[in-house]
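Observations on the model geometry
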Amino acid sequence: MVKAALTTHWPLALALCLAGAVQAATLTVRPGEDLAATVQAAQAGDVVQVERGHYRANLLIDKPLTLRGLDRPTVSGGLQGDTIRVTAPDVVIEGLIVRDSGDDLKAQNAGIYLYPGAHRAIVRRCDLAYNLFGLWIEKADDVLIEHNNITGKREYASPQRGNGVQLYNTKRAKILNNEISFVRDALYVDVSHNAVFKGNRLHHSRYGTHYMNSYHNLWEDNDTYYNRGGLALMEVRHQEVRNNRAWGNSDHGIMLRTLQDSVIENNVVAGNSRGFFIYDVEYITLNGNLIVDNTVGVHLSAGSKNNEVEGNDIIGNREQVRYVGARDETWGAKSGNHWSNYLGWDRDGDGRGDVPYEANDMVDRLTWRHPSIKLLLASPAVQALRLVGRQFPILRAPSVVDPQPRMRPAHNNWSEWRGKRFPGH
C-alpha cells in the first residue's frame, strides 16, 4: 500500500516541480525602459536582468526574486528615499551600481534597505555610492553581504553621514570581503548575534566597526585603517576577534569597553594613538597580539581584571602601558609577554626574564605629567631615577606586572609595521 501511494504521488510531485520551473522567467530591462514597473510585474522566483545604462528608480522588491546587473548598470534614487527597498525573503541583488539615496537621517534613507522579514537576502558585487546609509539591515536573518564597495556622501560632516552597513536586531549575518569608506561608521552592529565579519577593508570613517549589545560574533581577517577608531566593542560578550589588522587610526586601534568572555588573539595593532583601549573588561583572553609603534600601546583602566594576557609583543610604543588602577595587575603569569623596553636579564637562557617587568614606574608617571621629560629617557639620570623608584616601595604606584617576560618577540616581522601612522600624526 505504501509503495502504491508513493507511485501515485510521484507524477504529481514531478508535475508541480515542472510547473514551478516553467513559471520562473527571466525578464530583461534595457535603457529607456521602466525598471520599477518590470520589478513590480515580475513573479516570485523570476530573474530581472538589467542591461548597462542609467535607471532613475526607487525600487520596491516585495517578492522573492533576483535583480541582476549586466555590465554594471546604475540605479539612482534621485536623492530621494531608499534607492532599493526589500520587504520579501530570498531576494538576490548583484552586479549593480546603487546610488543617490535621500539624506533623511530620521527616515534612515539607504541605498539598499532590507526591511524586517527580508530573510536570506544576498547583496553581492555591487557598488553603493553616495547613499546616506549604504545598507540598512533590520530584523532580517541569515543575510549575506559580500564583495561590495560602499562609499558615503563624503563631503558631509561625520554626524550627517549614515553608516556603511547597519545591522539591527539580526541573526547569523555574514559580512564578507567588502570595502567601506567615507561613511560615519563603516560597520555598525546593534543587537545582532551569531554573525561573521571577515575579509573587510574599512577606512576613512569615524569607526571601522562599532559593536553594541551583540553576542557570539566572529571578527576575523579584517583591515581597519585611517579611521578615528578601528574596532570598538562596547557592552558585548562572547566575541572572537582574531587575525585582524588595526593600523593608522587617529585614536584607538581596538577598543574593548564593558566586554566579557571573549577571545582577542593574533591581531596587529600598529601606528594608532592608542593601540588597545581596555575599559571595564573581565574574563577575556588577550593572546598573541602584536602591539607596535602606537603612541600608547595599551590604555588599561576601570577595574579591567581577571583576564589572561599571554604571548603578546609590545614593541616600540612611545608609552607601553598606561595603567589606572588601585592594585597591581598581573599579565603573563603562564608564558609571559615580550616588552621591547625590558631592561632585565636571562641568566639561565630559558628565554624568560629573571626579574619582573613593571609597566608603570616613577618615570612613566612623570612623563604623563611632563611630556618633555621624554627627551631625557635614555640619560643616566632618568635611568637612576627608575632604579630608585624600584628600591623604595613608597614611591611605587600600582602597575601592570609581567613576572617572567619573554626575551624575544614571537612576531619576526614586527618592524614592517613601524611608520604606519595616521596622516599628519
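The present account deals with the structure reproduced in this document. Values in this document were obtained by computation on a predicted structure and should not be read as measured data.

**With respect to the overall build of the chain**
If you tally the helices and strands in the chain, you get four helices and 40 strands. A burial count over the chain gives 51% of its 425 residues as buried. Counting contacts in the chain only where the partners sit at least 6 residues apart, residues at least 24 apart contribute 43% of the total. Here the chain displays about 19000 Å² of accessible surface, and carbon together with sulfur accounts for 53% of that area.

**Comments concerning the pattern of salt bridges**
Counted according to the given criterion, the structure contains 21 salt bridges. One salt bridge in this structure joins Glu51 and Arg30, with 3.7 Å as the shortest N-O distance. You can see Glu51 sitting in the loop between β2 (47-50) and β3 (54-56) and its partner Arg30 sitting in the loop between β1 (26-29) and α2 (35-41), a full 21 residues away along the chain. A residue is classified by how much of its surface remains accessible, and Arg30, at 40% relative accessible area, is partly exposed. Across the pair Arg242 and Glu240 runs a salt bridge whose closest N-O atoms are separated by 2.6 Å. Classification of Glu240 by relative accessible area gives partly exposed; the value is 35%. Taken together, the shared-partner salt bridges in this structure form one network comprising Arg68, Glu94, Arg124 and Glu146.

**Here we look at the environment of Val281**
The residue Val281 is located in strand β30 (residues 274-282) in this model. Separated by 24 residues in the primary sequence, Val281 and Arg257 have C-alpha atoms spaced 6.3 Å apart. Setting aside residues up to four positions removed in sequence, Val281 forms contacts with Leu256, Arg257, Thr258, Leu259, Gly303, Ser304, Lys305 and Asn307.

**Things to note about unusual backbone geometry**
One non-glycine residue with positive phi stands out, namely Arg120, at about 65 degrees. You can see Arg120 is positioned in the loop between β10 (110-114) and β11 (122-124).

Rules and cut-offs
- Residues numbered from 1 in each chain as written.
- Predicted model: local features only at pLDDT ≥ 70, side-chain atom pairs only at ≥ 80, totals over all residues.
- Heavy atoms only, no water.
- Helix = DSSP H or I, 4+ residues; strand = E, 2+ residues; numbered from the N terminus.
- Buried < 20%, exposed > 50% of the residue type's maximum accessible area, 1.4 Å probe, protein only.
- Contact = heavy atoms within 4.5 Å.
- Areas by Shrake-Rupley, 256 points an atom, 1.4 Å probe, with all protein chains shown as cover.
- Salt bridge = Lys/Arg side-chain N within 4 Å of Asp/Glu carboxyl O.

As far as function goes, none of this settles anything; it's purely spatial.
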